[in-house]
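Residues per chain, in single letters:
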Amino acid sequence: MSITSTNIMTLLLIGLFILPGSNKAMARAISGNDSTIIAKHSKVPILPGNLDRRLDSLQKADQLAGWLNTWYDYFSPSPSQHIQQLALPFNRIWRKPATDPERVALFYLLILCGYYQLQYGNILQSTDLYEQAYELAKGHKAIRDSELLDYLIKPLGNNYTRLGDYKRALYIQQEGLRRAVRMNDSMQQAAALANLSTTARWNDLPKDAIKYARQGLQKVKAGSALQGLLFSTLADILQAEGSTDTAQLIISKALALFSAQKLERGANNTYWYGGALCTAAAIARQQKQYGQAISLLRQAKHLYDQYFPRSRQREKMKVLVSLGQVYKTSNNFNNAFKYFNLALAGLLPNQFPDEAAWPAPHLLYAENTLLDAITGKAQILHLMGKDSLALMGYQSAAIVLQKLRTTIFSVEAKRLLQQQSLQTTEEAISIAYHLFQGTDNKKYAWIALQFAEAHKARLLLDDLQKSSAYSSQASDDSLLIQQKKLRQVISFYIHSKMDALEENQTAENQDWQQKIEATKYELSLIDKQVKEKYPAITWDSQIDINTIISALPPGMIAWEYFTGPDKWYGFSINNKGILSFTSLNVTMDFPDKVAQFVHRWFSNGPEQMVNNPALFYKNAFYLYQRLGLGTLNDYCKLLIIPDGVLGRLPFEALTTDSNYHSNPASWPYLLQKAETSQAYSLAVWTHSQKQFATIKNINGFSGFFINPTGNNQLATLNGVDQEAKSIHNQVAGLYYKNTAATAEQLLKALQQSEVVHISTHAILMGDKQIPALQMADMKILLADLYPLQAHPSLVFISACQTAGGLLSPGEGIISLAREFTAMGAGGVIAALWNINDETASKLTALYYKNLQETGDKSGALYLAKKQWLTTDPTNATAKLPYYWAGLLYYGNNTPLAHPLRTTAVFPVWGWGIIIALLLLLFSLIGWRLAKRKHDENKNTYN
């Protein structure tokens with residue numbers, strides 16, 4: 001039998017438009033051997049003999065289309081009996097399809113198997129198959145838009161949403177909407193908008209989510225099941241945004257619409273009705289109508305059991321988790337504990353015998369519902385006073401969270417996952433601190449630090465690990481070359497988009513954004529292939545705290561912060577272990593106080609500090625006390641790992657006692673007590689430290705100096721010329737000034753030089769504060785650094801706000817300094833605010849003098865700041881922290897591999913000898929000329 005649109009429609013009908021929007025815990029992937037939730041077979045059944053012979057005959061005849069259709073006909077009547085065999089045709093296929101009939105046959109087999117892999121719990125395998133089908137279908141007219149939309153784009157987008165890969169989901173669903181518009185099909189458009197609405201809601205884009213839902217309601221046919229889905233989706237979004245009353249009115253419309261329809265086994269409207277009941281329960285829970293919420297959830301569970309007896313297992317488990325959450329909120333802890341355990345038993349069948357225990361780590365897998373069930377049970381155990389068991393639960397949840405990260409290829413989605421896990425990370429650390437206080441057992445401090453590190457700068461660590469791993473692979477690998485080219489294309493598109501924004505070209509801006517998203521999606525598919533091709537390359541890995549701590553050098557103390565929504569903690573660490581674990585005495589408004597401190601005293605120029613130094617001193621000492629730094633010794637090497645808003649704080653400028661006096665040069669700054677550097681996390685610092693222990697082949701200094709005189713859009717940088725001159729007088733190397741300081745030269749220098757110095761304008765662009773460096777010919781954006789695998793020992797960015805940018809909870813400030821670190825720089829010096837030009841020039845000169853003498857990248861800056869405070873005592877104002885505290889060092893403490901060469905300076909006495917020789921030469925020439933003239937006169941007389 002050949003494959004037709006009719007029979008594929010019959011097989012996949014219940015898969016259309018599927019996108020439950022009613023529960024926070026969306027289904028995630030189950031990978032490989034963990035996918036045993038539904039599939040009961042332990043062995044792959046043997047193929048019937050007649051089928052095996054027919055397949056073998058078709059293969060020998062090289063009839064690929066017939067071979068693929070035979071597999072399709074075998075699977076389609078009873079896929080539940082063949083779930084263990086769905087991968088066989090793709091393992092056995094002997095060549096790529098070469099004709100349209102072969103491509104069509106493979107396309108339909110891929111989406112058939114993709115659909116049933118999803119139904120039986122294998123979402124990662126399902127996604128892989130759908131992605132292969134998408135790549136196959138691109139550019140082939142033999143597959144119509146309607147088929148692509150129904151059988152591929154919708155389920156693939158839904159899979160991405162279930163995985164939490166919202167960026168890729170948005171891209172593929174927007175592609176579906178464009179096709180639906182091209183088909184002029186209003187119901188298809190409404191379905192695409194429903195999916196987009198749910199994805200935008202989970203991607204933390206509530207305004208977009210509401211817009212999509214309302215647009216869908218304008219397109220949809222009144223009284224249809226799809227209208228009910230859109231009502232339910234909109235109610236879910238409004239409930240999450242706190243508009244409970246409006247959400248209640250809208251969900252009532254959805255429930256009325258679904259209850260009037262005929263429910264059938266496996267049908268869309270039946271499935272969506274269950275989702276609407278769950279949304280109504282969430283609204284009732286928010287209104288503290290707990291009895292009604294429980295009744296609605298039981299209706300949903302009964303509906304799923306009746307109409308989906310062998311499928312939708314995750315949706316059933318979600319209902320159990322929701323019941324546990326309602327009972328927890330209503331303080332019925334015993335029932336909450338019961339339902340969370342029931343969910344775990346369903347998600348881990350035959351693997352979870354003891355309800356008081358936790359599953360073994362190897363049984364855990366990437367599934368968001370599993371994460372919610374484990375977290376819910378841990379929270380209940382804590383409320384019951386069983387903190388030791390609760391903490392074990394949070395550790396299990398951390399393993400699931402880590403596995404979830406490995407299924408996501410979108411940076412934005414990983415960042416969102418990190419933000420969403422902040423609350424549970426704080427809960428885990430708080431329980432560990434309580435146990436530490438009660439037992440004085442340091443193992444709880446270690447566990448707390450593990451949680452803090454697991455939540456800090458993980459995307460940056462991923463970038464570093466990938467860059468390091470890729471650099472060891474063959475440079476001519478076609479996949480890696482394609483990966484690099486796609487990153488370069490994305491960089492080009494981002495530049496074009498920024499140009500369109502600056503020129504207010506809205507349509508062009510949207511066009512470039514579409515191209516960016518399309519290329520990012522293509523890159524994500526390549527990234528996936530790279531990860532499969534090089535299984536030995538590991539990232540997204542668990543963090544080993546023991547290894548990290550042991551890498552700290554003797555004499556260094558690391559001070560790491562964790563700033564949660566409600567509580568802040570501090571860890572003092574050396575290479576022997578954790579010295580202290582403290583809960584910081586901060587109030588709810590303390591983050592605002594830190595932000596106000598930075599804004600008032602540093603962000604808007606020096607006037608406030610000049611006019612009221614006593615108040616600054618008092619505020620600085622207040623922060624010093626609250627941040628727990630008073631236990632430090634009088635001198636140490638201090639590695640600060642900030643978190644959240646603390647990433648904007650100049651720690652060295654904090655004052656360490658309350659005795660104010662009027663001379664800022666002799667104030668007791670933290671600078672006087674500790675040689676301070678910063679890192680984004682201990683794991684990032686350790687990775688960089690180990691990496692640069694092996695890098696020995698980089699030489700030289702390259703400097704870039706741009707003073708945009710004559711540019712009406714950019715202010716003149718009066719200190720740049722003096723800065724270039726002062727460095728050039730000390731350091732030999734390559735110097736690029738003004739028009740010679742191009743973006744191309746900078747990117748080349750980053751890959752060839754040990755030290756790169758950049759003195760120019762830095763800009764934070766747009767609402768998202770995208771950092772950029774202004775070169776002579778163009779701006780350098782973060783995207784320009786992604787394709788590079790460069791390892792300069794030091795990048796010194798002498799430009800304003802290069803350590804500033806958008807604050808991403810858990811990840812830190814997305815700044816140029818961070819991206820140079822991600823690129824592979826061992827150390828970066830960057831500015832927190834707009835530093836005075838003259839000050840920057842002088843500090844920079846002091847820095848390079850110290851660097852030449854010591855090779856110590858961090859220590860040279862520390863010495864330069866201390867030297868600044870002790871020189872020119874007549875200028876007291878210049879000793880205020882505004883002038884010297886803005887430059888920070890981020891990175892490892894490995895010395896320069898090669899000392900910077902000193903500029904050859906000709907001695908003064910040498911010039912004296914040259915002048916004397918020139919005078920002698922001129923005298924000789926004069927004597928010779930006079931003698932010749934005398935001889936000529938004599939001859940004339942004769």
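Residues numbered from 1 in each chain as written. Predicted model: local features only at pLDDT ≥ 70, side-chain atom pairs only at ≥ 80, totals over all residues. Heavy atoms only, no water.

1. Focus on the sheet that holds strand S10 (residues 770-774)
Counted only if it meets this: Paired strands are those between which DSSP finds at least two bridges. Elements are defined by DSSP. Helices are runs of H or I of four residues or more, strands are runs of E of two residues or more, and each kind is numbered from the N terminus. Lines fitted to C-alpha atoms define the axes here, with helix axes fitted over just the stretch in contact, and angles between the N-to-C directions of these axes take values from 0 to 180 degrees. Should any heavy atoms of two residues lie within 4.5 Å, those residues are counted as being in contact.
The strand order S9-S10-S11 describes an open sheet built from 3 strands, whose pairing is antiparallel. If you trace the sheet from one side to the other, it starts and ends with strand S9 (762-765) and strand S11 (779-781), each paired once. Here the strands of the sheet are splayed against their neighbours by 35° on average, with no regard to which way each runs. Inspection of the sheet shows S10 paired to S11 by 3 bridges, in the antiparallel sense. Each bridged residue has a counterpart across the sheet, and for Ala-772 the counterpart in S11 is Leu-781. On top of the sheet, helix H23 (residues 478-502) reaches S9, S10 and S11; it is set at about 120° to S11, its chief contact.

2. Quick look at the packing of helix H34 (residues 837-854) against helix H35 (residues 857-870)
As a reminder, the rule being used: Roughly parallel means an angle under 35 degrees; roughly antiparallel, over 145; roughly perpendicular, 65 to 115; everything else is oblique. In this scheme the handedness of a crossing depends on how the near helix is turned from the far one: anticlockwise by less than a right angle means left-handed, clockwise means right-handed. Residue polarity is assigned by list, with Asp, Glu, Lys and Arg as charged and Ala, Val, Leu, Ile, Met, Phe, Trp, Tyr, Cys and Pro as nonpolar; anything else, Gly included, falls into the polar class.
Interaxial distance between H34 and H35 falls to 8 Å at its minimum, and their mutual angle equals 130°. With respect to H35, the axis of H34 lies oblique. In terms of crossing hand, the pair formed by H34 and H35 is right-handed. On H35, the residues touching Thr-839, Lys-842, Leu-843, Leu-846, Tyr-847, Asn-850 and Leu-851 of H34 are Lys-857, Ala-860, Leu-861, Leu-863, Ala-864, Lys-865, Gln-867 and Trp-868. Broken down by class, the residue content of the contact of H34 with H35 amounts to 9 nonpolar, 3 polar and 3 charged.

3. A short note on the confidence of the model for the protein
Predicted coordinates in areas of low pLDDT are best not read in detail. Formally: What pLDDT reports is the predictor's confidence in each residue, on a scale of 0 through 100.
Of the residues in the protein, 89% reach a pLDDT of 70 or more, and the chain-wide mean stands at 85. In this model, residues 1-42 is a region of pLDDT below 50 whose contacts with residues beyond four sequence positions or in other chains number 156 contacts.

4. Thoughts on the pairing of strand S12 (residues 794-798)
In plain terms, the rule: For every residue, the accessible area (1.4 Å probe, protein chains only) is compared with the maximum for its type, and the residue is labelled buried under 20%, exposed over 50%, or partly exposed between those bounds.
With respect to burial, S12 is a largely interior element, 5 of its 5 residues being buried. As paired elements, strand S8 (residues 755-759) and S12 share 5 bridges and run parallel to each other. Looking at the pairing, Val-756 lines up with Val-795 of S12. Examined bridge by bridge, S12 and strand S15 (residues 827-831) share 2 bridges and lie parallel to one another. In the sheet register, Phe-796 faces S15, and the bridge partner there is Ile-829.

5. Remarks on the packing of aromatic side chains
What counts is decided by this rule: Classification of ring pairs rests on two measures: the distance between centres of Phe, Tyr or Trp rings, Trp counted by its six-membered ring, which must be within 6.5 Å, and the angle between planes, read as stacked under 30 degrees, edge-to-face over 60 and tilted in between. As a reminder, the over-ring test applies to NZ of lysine and CZ of arginine, requiring each to be within 6 Å of the ring centre and within 35 degrees of the ring normal.
Enumeration over the complete set of coordinates arrives at 50 aromatic pairs. A ring pair is formed by Tyr-569 and Phe-581, whose centres lie 5.9 Å apart and whose planes are at 45°; its orientation type is tilted. Here the residue Tyr-569 occupies a position in strand S2 (residues 568-574), and Phe-581 occupies one in strand S3 (residues 577-583), the gap between them amounting to 12 residues. Exposure class is identical for Tyr-569 and Phe-581. Each is buried. Plain terms: the ring middles of Phe-571 and Phe-581 are 4.8 Å apart, the flat faces sit at 5° to each other, and that makes the pair stacked. Of the two residues, Phe-571 sits in strand S2 while Phe-581 sits in strand S3, which places them 10 residues apart along the sequence. Taken together, Phe-597, Trp-601, Phe-602, Phe-616, Tyr-617, Tyr-660, Trp-667, Tyr-669, Trp-833, Tyr-882, Tyr-883 and Trp-884 form an aromatic cluster joined through their ring pairs. Over the ring of Tyr-271 we find Arg-312; its NZ or CZ atom is 4.0 Å from the centre of that ring. Geometry around Trp-512 places Lys-515 over its ring, the cationic atom sitting 4.4 Å from the centre.

6. Description of the environment of Tyr-617
Among the structural elements, Tyr-617 can be located in helix H28 (residues 613-626). As for Tyr-617 and Thr-655, which are separated by 38 residues in sequence, their C-alpha atoms are 6.5 Å apart. Once residues lying within four places of it in the same chain are set aside, the contact partners of Tyr-617 are Thr-655, Asp-657, Ser-658, Asn-659, Tyr-660, Trp-667 and Pro-668.

7. Section: unusual backbone geometry
Although it is not a glycine, Asn-184 sits at a positive phi angle of roughly 60°. On the secondary structure map, Asn-184 appears in the loop between helix H8 (166-183) and helix H9 (186-202).

8. Considerations on the pattern of salt bridges
We count it as follows: Salt bridge, as used here: a side-chain nitrogen of Lys or Arg that lies within 4 Å of a carboxyl oxygen of Asp or Glu.
Overall, the coordinates contain 32 salt bridges when judged by the stated rule. The residue Lys-528 makes a salt bridge to Glu-131 at a minimum N-O spacing of 2.8 Å. Here Lys-528 is found in helix H24 (residues 506-533), whereas its partner Glu-131 is found in helix H6 (residues 123-137), with 397 residues between them in sequence. Taken as a pair, Lys-528 and Glu-131 share a single burial class, namely buried. Between Lys-842 and Glu-838 there is a salt bridge, and its shortest N-O distance comes to 3.1 Å. Residue Lys-842 and its partner Glu-838 are both found in helix H34; the two are separated by 4 residues, about one turn of the helix.

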